[in-house]
Amino acid sequence: MSPRIPADCVLPDPAAVHTVRSADGAELSVEEYGREGAPLLVLAHGWTCATTFWAPVINRLVADFRVIAYDQRGHGRSPAPADAAGYGTDKLADDLEAVLTATVPAGRRAVVAGHSMGGMTIMAAGGRPEVAARTAANVLVNTGPGELVDELTVLPPFVRGRALRRMLSRPVLQSRLSLGSVNGISRAALKYATMGPATPADRVEACAQVVHACPAKVRYQWAVVLDVLDVHAGLARITAPTAVVTSSNDKLTPPVHSHRIFAALADPRGLLELPGAGHMSPVERPAEVAEEIRRVAALVADDLSADAVAFSGAENSGAENVGAESTAEVANTSASDHPSPTATVEKTA
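Just so we're clear, the structure is a prediction, and the values are computed from it rather than from any experiment. (Residues numbered from 1 in each chain as written. Predicted model: local features only at pLDDT ≥ 70, side-chain atom pairs only at ≥ 80, totals over all residues. Heavy atoms only, no water.)

1. Some remarks on the overall build of the protein chain
Formally: Under the scheme used here, helices are H or I runs from DSSP no shorter than 4 residues and strands are E runs no shorter than 2 residues, and both carry numbers assigned from the N terminus. Buried, partly exposed and exposed residues are distinguished by accessible area as a fraction of the type maximum, computed with a 1.4 Å probe on protein chains only: under 20%, between the cut-offs, and over 50%, respectively. For this analysis, residues touch if any pair of their heavy atoms sits within 4.5 Å. Where accessible areas are quoted, they stem from the Shrake-Rupley method and a 1.4 Å probe; at the residue level, only the protein chains shown are allowed to cover.
Counting its secondary structure elements, the protein chain contains 14 helices and 10 strands. Per-residue burial over the protein chain gives 54% buried out of 349 residues. Partitioning the contacts of the protein chain with sequence separation of at least 6, the portion at a separation of at least 24 is 77%. Accessible surface, the protein chain as shown: approximately 14200 Å² in total, 56% of it carbon and sulfur.

Below you can see the structure in the form of structure tokens.
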């Protein structure tokens, strides 16, 4: 019998649902939680995951933040690209820019947190004017800027040499096979590769259900991208205050990545290491991850509060409230060279 999923791993009812179109027309499913006018928080999940992955963190922050979470292209409710051209770090950056432009009103900013590929998304978008203009601070969780396969510690220590590790790791990471249904063997394998040894069975189950739901084609195409990932240049262009979270037992993005990121940041604001946790810290240790996000938000609280007051004043003086109708088309003009995204906003509550 499969363990029951913990209550905090179930998403609360969204306050709004969006379909955001990225620069190339890709549709992204976006959900918002919490009250309008609260400080803004944008969450980007990692490879093979979905918005549901963030549920334990969202449930701990929704009382105090307007939380915006989106499914990366091909994940969750966001359709998969038609071909390989729809995958790439530039696409990740385009999608983040589209979501921020569509959901963070001009004049306001958000704390942006990314786990794994979500953190790589933030780094890939480093230096983009529209992203910087809407970002108050970042939190990079269990992620890396490059050399991912070289630094994997999933294989036993006796498998030495980067070339050998790459040769043995690639067939697994880039498998085109479906993961099938969740079972005891798949749960054990997922726990070994991605979670700490003390992770409770119900949290392993929650992660397994999310990961197994990712289509095999999408998992493969993004694995190809991650195999040659290099977002160091974007990392160097991030100017917002940024904190880093890592875990001592992270086999996919070991702490060495987080130390490199921290050393490269223009405005580093803390490096938190979670002892015993693995790669899936937002599910394994959600209280600590949420508290770190809350801490970073407090560092820029004056900016967030000023933004919120200014936005509220603009609304009260007669500015158009885009969310007033049940369905609205939102057009946005970008100062960058990327085409402007549009968003369909459907109020669900």
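Further notes follow.
2. Overview of the nonpolar core
Heads up, the rule is: Residues grouped as a nonpolar core are buried Ala, Val, Leu, Ile, Met, Phe, Trp, Tyr and Cys residues, joined through side-chain atoms within 4.5 Å.
Of all hydrophobic cores here, the largest spans 42 residues; its most connected members are Leu 96, Met 123 and Trp 222. Breaking this core down by element, the ones donating at least two residues are β2 (27-33), β3 (40-44), β4 (66-70), α2 (89-103), β5 (110-115), α3 (117-124) and α9 (216-227). Per-element tally for this core: the top contributor is α2, with seven residues. Among residues more than four places away in sequence, those in contact with Trp 222 are Trp 47, Arg 73, His 75, Tyr 87, Gly 88, Leu 92 and Met 117. In terms of nonpolar packing, the next biggest core, distinct from the first, is built from 27 residues, Leu 41, Leu 43, Val 289 and Leu 304 among them.

3. Points about the pattern of salt bridges
Put simply, the rule is: Every case where a carboxyl oxygen of Asp or Glu lies within 4 Å of a side-chain nitrogen of Lys or Arg is listed as a salt bridge.
Within the structure shown, the criterion is met by 19 salt bridges. Of the charged contacts, one joins Glu 31 and Arg 77 as a salt bridge, the two residues approaching to 3.1 Å between their closest N and O atoms. Of the two residues, Glu 31 sits in strand β2 while Arg 77 sits in the loop between β4 and α2, which places them 46 residues apart along the sequence. Judged by relative accessible area, Arg 77 falls into the exposed class, the value being 63%. For Glu 130, the salt bridge goes to Arg 134, with nearest N and O atoms at 2.5 Å. The class of Glu 130 is buried, set by a relative accessible area of 9%. For Arg 134, a relative accessible area of 9% puts it in the buried group. It is possible to trace a salt-bridge network through shared partners that takes in Asp 24, Arg 73, Lys 91 and Asp 95.

4. As for the side chain of His 279
To keep it simple, the criterion reads: Counted as a polar contact is a pair of N or O atoms within 3.5 Å, where, for protein atoms, one must be capable of donating a hydrogen and the other of accepting one, and residues adjacent in sequence contribute only when both atoms are in side chains.
Structurally, the position occupied by His 279 is in the loop between β8 (268-274) and α12 (281-284). Separated by 2.9 Å, the side chains of His 279 and Ser 116 make a polar contact. With sequence-adjacent residues up to four places away left out, His 279 is seen in contact with His 115, Ser 116, Asn 142, Thr 194, Met 195, Asp 250, Leu 252, Thr 253 and Glu 284.

5. With respect to unusual backbone geometry
In this structure, Thr 48 takes a positive phi of about 70° despite not being glycine. Position of Thr 48 relative to the elements: it lies in the loop between β3 and α1 (55-61). For Asn 142, which is not glycine, the phi dihedral falls at a positive 45°.

6. A short note on α3
Of all eight residues making up α3, eight are buried, and the element is well covered by its neighbours. Listed in full, the buried residues belonging to α3 are Met 117, Gly 118, Gly 119, Met 120, Thr 121, Ile 122, Met 123 and Ala 124.

7. What about the environment of Ala 44?
Relative to the elements of secondary structure, Ala 44 occurs in strand β3. Taking the C-alpha atoms as reference points, Ala 44 and Ile 122, 78 residues apart in sequence, are found 8.4 Å from one another. Apart from residues lying up to four places away in sequence, Ala 44 is in contact with Trp 54, Tyr 70, Gln 72, Ala 113, Gly 114, His 115 and Gly 118.

8. Examining the packing of aromatic side chains
Counted only if it meets this: In this scheme Phe, Tyr and Trp rings, the latter by its six-membered ring, pair at centre separations within 6.5 Å, and the angle between planes marks the pair as stacked below 30 degrees, edge-to-face above 60, and tilted otherwise.
Scanning the model with the defined rule gives two aromatic pairs in all. Between Phe 53 and Trp 54, the aromatic rings sit 6.3 Å apart at their centres with planes inclined by 75°, giving edge-to-face as the arrangement. Taking the relative accessible area as the measure of exposure, Trp 54 reaches 0% and is therefore buried. Ring centres of Tyr 87 and Trp 222 lie 5.1 Å apart, and the angle between their planes is 75°; on these two criteria the pair is classed as edge-to-face. Highlighted residues: Tyr 87 in the loop between β4 and α2 and Trp 222 in helix α9, separated in sequence by 135 residues. Taken as a pair, Tyr 87 and Trp 222 share a single burial class, namely buried.

9. Examining the pairing of β5
Stated precisely, the cut-off is as follows: Two strands are said to pair when DSSP picks up at least two bridges between them.
Along β5, six of the six residues are buried, which leaves the element largely enclosed by surrounding structure. Note: β5 against strand β6 (residues 135-141), six bridges, orientation parallel. Along β6, the bridge assignment pairs Gly 114 with Leu 140.

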